[in-house]
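In case you want the letters, here they are:
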Amino acid sequence: GAVVSQHPSWVICKSGTSVKIECRSLDFQATTMFWYRQFPKQSLMLMATSNEGSKATYEQGVEKDKFLINHASLTLSTLTVTSAHPEDSSFYICSANRGRNSEQFFGPGTRLTVL
Amino acid sequence: AQSVTQLGSHVSVSEGALVLLRCNYSSSVPPYLFWYVQYPNQGLQLLLKYTSAATLVKGINGFEAEFKKSETSFHLTKPSAHMSDAAEYFCAVSFGNEKLTFGTGTRLTIIP
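Residues numbered from 1 in each chain as written. Chains lettered and ligands numbered in written order. Predicted model: local features only at pLDDT ≥ 70, side-chain atom pairs only at ≥ 80, totals over all residues. Heavy atoms only, no water.

(A) Structural view of the overall build of chain A. Of regular secondary structure, chain A possesses 0 helices and 11 strands. Along its sequence from the N terminus, chain A presents helices and strands in the succession β-β-β-β-β-β-β-β-β-β-β. The C-alpha atoms of chain A give a radius of gyration of 13 Å, which matches the 13 Å a tight globule of 115 residues would have. When its C-alpha atoms are laid out on the principal axes, chain A stretches across 40 × 25 × 25 Å. Burial statistics for chain A: of 115 residues in total, 51% are counted as buried. The contacts of chain A with a sequence gap of at least 6 include a subset with a gap of at least 24, amounting to 55%. (Helix = DSSP H or I, 4+ residues; strand = E, 2+ residues; numbered from the N terminus. Rg over C-alpha atoms; globule rule 2.2 N^0.38 Å. Buried < 20%, exposed > 50% of the residue type's maximum accessible area, 1.4 Å probe, protein only. Contact = heavy atoms within 4.5 Å.)

So, in C-alpha cells, the structure goes:
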C-alpha cells in the first residue's frame, strides 16, 4: 500500500506555455501533499505544502503565481507551472502522507523540459 | 534552523565491502531522521527512519543506521555492498512538523 503516482512522467513544452502535473495517492487518503523540485545531481528542495481544501503554503523564494498548486481532494494535488521558461526545467517530485507525523510517500517524479 | 549534512558527495566501495554513508544533523530538539534511496529518474524510497524509539534502526535491503545523540549523527551502513545498491542516498530530518529537510545526497558507486 501507500502508492503515489505522478502524471505525466515527462513533458516537453515550449517557453511561455503552462504545464500541469498531477500527483495522486492511489490507495490512501493523503492528509498533506508536498511538492519538491530537484535540479540535476542536487538534492530535493521543498517548494510547497498543500492540504486538501486550503491554500498551499509556499517556501520562501518560491513564486506562488508561477507555481500554482491545487489540492482538490484527499487523493489529488496538481502543480501548474505557468508561463514556463527554460530555467523552470527540472525534476518535480510530489509526496503525500496519510496522517500527521506519518511517513511521506514519494511519487516517481516528473521531468519537465522547457524549450 | 534544522539542517542535515552529508559528508562525501560520492562514495565508492567494492562489491562485498562495508558501506558507510555519513549524516550529521543540527538541532536543539529531538529530530526524526530518515534515509532515502533514489535510483536514476525515479522518486525516493524510504530505507529507514528514526523516530525516538530504538537508536539502532534496521531498514530494507540490509541497511541499518544508528542514532547517536552525542555525535548528532545518523550514519547509514550495510555490511556487504551489492551491485544493486548503486544509487543516490539522501539523509533527511524532520521535527514533527511534517516538513522534511534533505541533505545534499551521496552517490554510491559499487566497484565490481
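After that view of the structure, there is still more to cover.
(B) Looking closely at the environment of Glu22(A). All names here are of chain A. Take Glu 22: it is sitting in strand β3 (residues 19–25). Taking the C-alpha atoms as reference points, Glu 22 and Phe 91, separated by 69 residues in sequence, lie 14 Å from one another. Not counting chain neighbours up to four residues away, the residues in contact with Glu 22 comprise Ser 5, Gln 6, His 7, Trp 35, Leu 76, Ser 77 and Thr 78. Among the polar contacts listed, one links the side chain of Glu 22 to the side chain of Arg 24, at a separation of 3.4 Å. (Polar contact = N/O pair within 3.5 Å; in protein donor to acceptor, adjacent residues only side chain to side chain.)

(C) Layout of a nonpolar patch on the surface. Taken together, the side chains of Trp10(A), Ile12(A) and Leu115(A) define a hydrophobic patch exposed on the protein surface, amounting to about 390 Å² of accessible area. Inspection of the secondary structure assignment puts Trp10(A) in strand β2 (residues 10–13). (Patch = residues over 30% accessible without salt bridge, like charges linked within 9 Å, V, L, I, M, F, W, Y side chains within 5 Å. Areas by Shrake-Rupley, 256 points an atom, 1.4 Å probe, with all protein chains shown as cover. Salt bridge = Lys/Arg side-chain N within 4 Å of Asp/Glu carboxyl O.)

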